[in-house]
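# Observations on the three-dimensional arrangement
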Amino acid sequence: MIIAIDGPSGTGKSTTAREVARKLNFTFFDTGAMYRSAAWWIVQQGINPDDERKVVDSIHTFVYEIQTQDEQQRRYFVGGVDVTQAIRSHEISTIASKIAVYGQLRRELVKIQREFGKKANAVFEGRDMGTVVFPEAEVKVFLTASSSVRAQRRYRELLVKFPDLAQSLSEEQILKDIEERDHKDSTRAISPLKKAPDATLIDTSELTVDEVVDQILVLIRQKKKSCPSMRVTYGFVYWVARLWLKLFYRLQIEGLSHFRAGSAIIAANHASNLDPPIVSISCPCEVHFLAKESLFHIPILGRLIRHLNSHPVSREATDVATFRLIIGLLQSGQKVIVFPEGRRTSDGKIQLIERGLPFLMMKAKCPIQPVYIQGAFEIWPRTRRFPKLFGRIRCVFGSPIEWDEFEGLGKKIAEQRIMSRMTEALCKLQKWTESGAHGTPP
Ligand code: DC
């Protein structure tokens, strides 16, 4: 699990993030310290921070290491030199903010941050954790506080941790510094300091660290509840299938920040027989889907798909029986995968949405979670008997289409609007995916 905490300096980000990490036994990662360490390295190399090309080049020789005896005793090393104290100087703060605008440098540092993110449950703090580095973080928090409160805190922190440095600075100077850096950090073109739309804003001006930590822990608890843990058998099949899709088809999942608690119609484009397992294992919690009854008679497959919450639909079943089954699941708070185009595409293109989707939404009054699958058609189109062994698949979750948008409309109008909203959502996701974008999909 990744917890992304962003905000300007002096909002209590580091202390809060460290405490949240300690309470959860997660790793803590202060990305500001990384930008500061890079600034220290540049000064050390005698490079002018205004010379973007040289700064970017020097990052290829930047060897960064974090050592932790315990969380209070975290030390940062660059090329083997302990820079923990040096990176807190006024000069380094200014240079860090200056070089943080260089896109290529950010890309290099982001790569390292994402690598760390893969290794363990972690709390990451910085400026662009929720927007750029981990747009799929399960919990995102954006901290703010008035600039005067932040300057006071910074000054007190320096007095305790680095008294020599504090003596050479005044509170006014720190305030001016903070405001200048805020301006630079939030107006830069690349990865500016900005709240992710799905982040929770917490103003810490009047709160103690414990109060902020408690609020974040409540958010994490709520998030965990939104995805109740999987049953053992479901979890086993889920992870085996996930491993297979990752290894053979390099499955990439985007947009999980759009995933929410409660019932939802998970509606995906349909290009291949691989679509149901792709979507179900891309979802972070148990979901349901329908499958042809004949599949349940196949010895191992039948058992597996039953454990993955698939429900048999016989060839003779009327639409009414099938819809009744889906509506029942949705009304009991489940998520159900449907393919609203009705059948697999024959040319890889998105097809017209059928009337079943609006019918389900109007009956269950729950959101639609649009999903775009890319790559499954190339691997296993209708014309192939068996799938190709290797390929590349992306499963992209878009922002939910809420029932509120259509509530109160006449049946016919609502039906038309739901179908066109779904088509629009799929087309937007397709465009976003094909542009090679990463981050939060539309
Ligand atoms: O959080 P801090 O004050 O230690 O950060 C030092 C500088 O690094 C700050 O001016 C902004 C920059 N920074 C950034 O651009 N992106 C991050 N993820 C973290 C810090």
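Data block above holds the structure.
Residues numbered from 1 in each chain as written. Predicted model: local features only at pLDDT ≥ 70, side-chain atom pairs only at ≥ 80, totals over all residues. Heavy atoms only, no water.

### Brief notes about helix α9 (residues 171-187)
Since one α-helical turn is 3.6 residues long, residues separated by three or four positions face the same way. Note the threshold: To qualify as a helix, a DSSP run of H or I must reach at least 4 residues; to qualify as a strand, a run of E must reach at least 2; elements of each kind are numbered from the N terminus. Multiplying 1.5 Å by the helix residue count minus one yields the expected span of that helix. Buried, partly exposed and exposed residues are distinguished by accessible area as a fraction of the type maximum, computed with a 1.4 Å probe on protein chains only: under 20%, between the cut-offs, and over 50%, respectively. Relevant arc is that of directions from the helix axis to the C-beta atoms, nothing else. The contact criterion used is simple: two residues touch if any of their non-hydrogen atoms lie within 4.5 Å.
The first and last C-alpha atoms of α9 sit 24 Å apart over 17 residues, in line with the 24 Å expected at 1.5 Å per residue. Where α9 is concerned, the buried positions are I174, D177, I178, R181, D182 and D185. Projection of α9 onto a plane perpendicular to its axis shows the buried side chains occupying an angular sector of 135°, all on one side. Residues of α9 that are exposed and point more than 90 degrees away from the buried face comprise E172, K176, H183 and T187. Looking at the buried positions of α9, the neighbouring elements they touch are α2 (31-44), α4 (90-99) and α7 (147-161).

### Remarks on the site of the ligand
As a reminder, the rule being used: Working definition: residue near molecule or strand if any one of its non-hydrogen atoms lies within 4 Å of it. Residues adjacent in sequence count toward polar contacts only when both atoms are side-chain atoms; beyond that, a polar contact is any pair of N or O atoms within 3.5 Å, and within protein one must be able to donate a hydrogen and the other to accept it. Accessibility throughout is a Shrake-Rupley quantity obtained with a 1.4 Å probe, and a residue counts as covered only by protein chains that appear here.
In the vicinity of the ligand lie 19 residues, with R36, R106, R127, D128 and R188 positioned nearest. Side-chain polar atom of R36 to an oxygen atom of the ligand: 2.7 Å apart, as the coordinates give it. A distance of 2.9 Å separates a nitrogen atom of the ligand from a polar atom in the side chain of D128. Burial of the ligand by the protein amounts to 98% of the accessible area it has alone, namely 450 Å². The biggest single contributor to the shell around the ligand is α2, with four residues.

### With respect to the packing of aromatic side chains
Stated formally: Aromatic rings from Phe, Tyr and Trp, taking only the six-membered ring of Trp, are treated as a pair when their centres fall within 6.5 Å; an angle between ring planes under 30 degrees marks them as stacked, one over 60 as edge-to-face, and anything in between as tilted. Should the NZ of a Lys or the CZ of an Arg lie within 6 Å of a ring centre and within 35 degrees of the ring normal, that charge is described as sitting over the ring.
Counted according to the given criterion, the structure contains 11 aromatic pairs. Seen in terms of ring centroids, Y234 and Y238 are 6.2 Å apart; in terms of plane orientation they differ by 25°. Their pairing is stacked. Placement of the pair is Y234 and Y238 together in helix α11 (residues 232-249), with a separation of four residues, close to one helical turn. Y234 gets classed as buried once you look at its relative accessible area, which sits at 0%. Measuring from ring centre to ring centre gives 5.8 Å for F259 and F397, while their planes differ by 80°; the resulting arrangement is edge-to-face. Of this pair, F259 sits in the loop between β9 (252-254) and β10 (264-268) while F397 sits in strand β15 (residues 394-397), placing them 138 residues apart in sequence. Accessibility expressed as a relative area gives 4% for F259, which makes it buried. One aromatic cluster in this structure is built from F29, F116, F124 and F134. The ring of F259 carries the charged tip of K335 above its face, separated from the ring centre by 4.9 Å.

### Things to note about the pattern of salt bridges
Where side chains of opposite charge bring their charged atoms close, a pairing between them can arise. Here is the rule we go by: Just to be clear on terms, a salt bridge is a Lys or Arg side-chain nitrogen sitting within 4 Å of an Asp or Glu carboxyl oxygen.
What the rule picks out here adds up to 22 salt bridges. Taking the shortest distance from any N to any O, the salt bridge between R150 and D182 comes out at 2.6 Å. Taken together, the positions of R150 in helix α7 and D182 in helix α9 put the pair 32 residues apart, joining distant regions of the chain. The two residues R150 and D182 agree in class, both being buried. The salt bridge involving D185 is made with R188; its shortest N-O contact spans 3.6 Å. The buried category is assigned to R188, whose relative accessible area is 7%. Linked through salt bridges whose partners overlap, the residues forming this network are R127, D185 and R188.

### Description of the nonpolar core
The condition that has to hold: By convention a nonpolar core is built from buried Ala, Val, Leu, Ile, Met, Phe, Trp, Tyr and Cys residues, the set being connected through side-chain atoms within 4.5 Å.
Ranked by size, the top nonpolar core spans 36 residues in total, and within it F62, Y64, I99, L105 and L109 carry the most contacts. Contributions of two or more residues to this core are made by β1 (2-6), α2, α3 (52-58), β4 (74-78), α4, α5 (103-119), β6 (122-126) and α6 (129-133). The leading source of residues in this core is α2, at eight residues. With residues near it in sequence (within four places) discarded, L105 still touches Y35, V55, V56, I59, I99 and A100. Judged by nonpolar contacts, the second largest core, of 34 residues, contains I253, I266, V279 and I379.

### What to know about the sheet that holds strand β2 (residues 27-30)
Note the cut-off: When DSSP finds at least two bridges between two strands, those strands are taken to pair. Axis angles are defined between N-to-C directions and span 0 to 180 degrees, where every axis is a line fitted to C-alpha atoms and, for a helix, only to the segment in contact.
The strand order across the open sheet built from five strands is β2-β6-β1-β7-β8, with neighbouring strands paired in parallel fashion. Edge positions in the sheet fall to β2 and β8 (200-203), since each of these pairs with one other strand and no more. Taking each pair of neighbouring strands and ignoring which way they run, the sheet shows an average axis angle of 20°. In the sheet, β1 pairs with strand β7 (residues 139-144) via four bridges, with the strands oriented parallel. When the sheet's bridge partners are listed, D6 is paired in β7 with F142. Packed onto the sheet, helix α1 (residues 13-24) meets β1, β2, β6 and β7 and runs at close to 175° relative to β6. Against the sheet, α5 contacts β1, β2 and β6, and its axis sits at roughly 160° relative to β6.

### With respect to the sheet that holds strand β14 (residues 368-374)
Taking strand neighbours across the sheet as the criterion, the seven strands line up as β9-β15-β14-β10-β13-β11-β12 in an open arrangement whose pairing is mixed. Only two strands of the sheet have a single neighbouring strand rather than two, namely β9 and β12 (310-313). Adjacent strand axes in the sheet meet at a mean angle of 25° when their direction is disregarded. Pairing of β9 with β15 involves three bridges; the strand directions are parallel. Residue pairing across strands places Q252 opposite R394, the latter belonging to β15. Contacting β9, β10, β14 and β15, helix α17 (residues 411-434) crosses the sheet at an angle of about 40° to β14.

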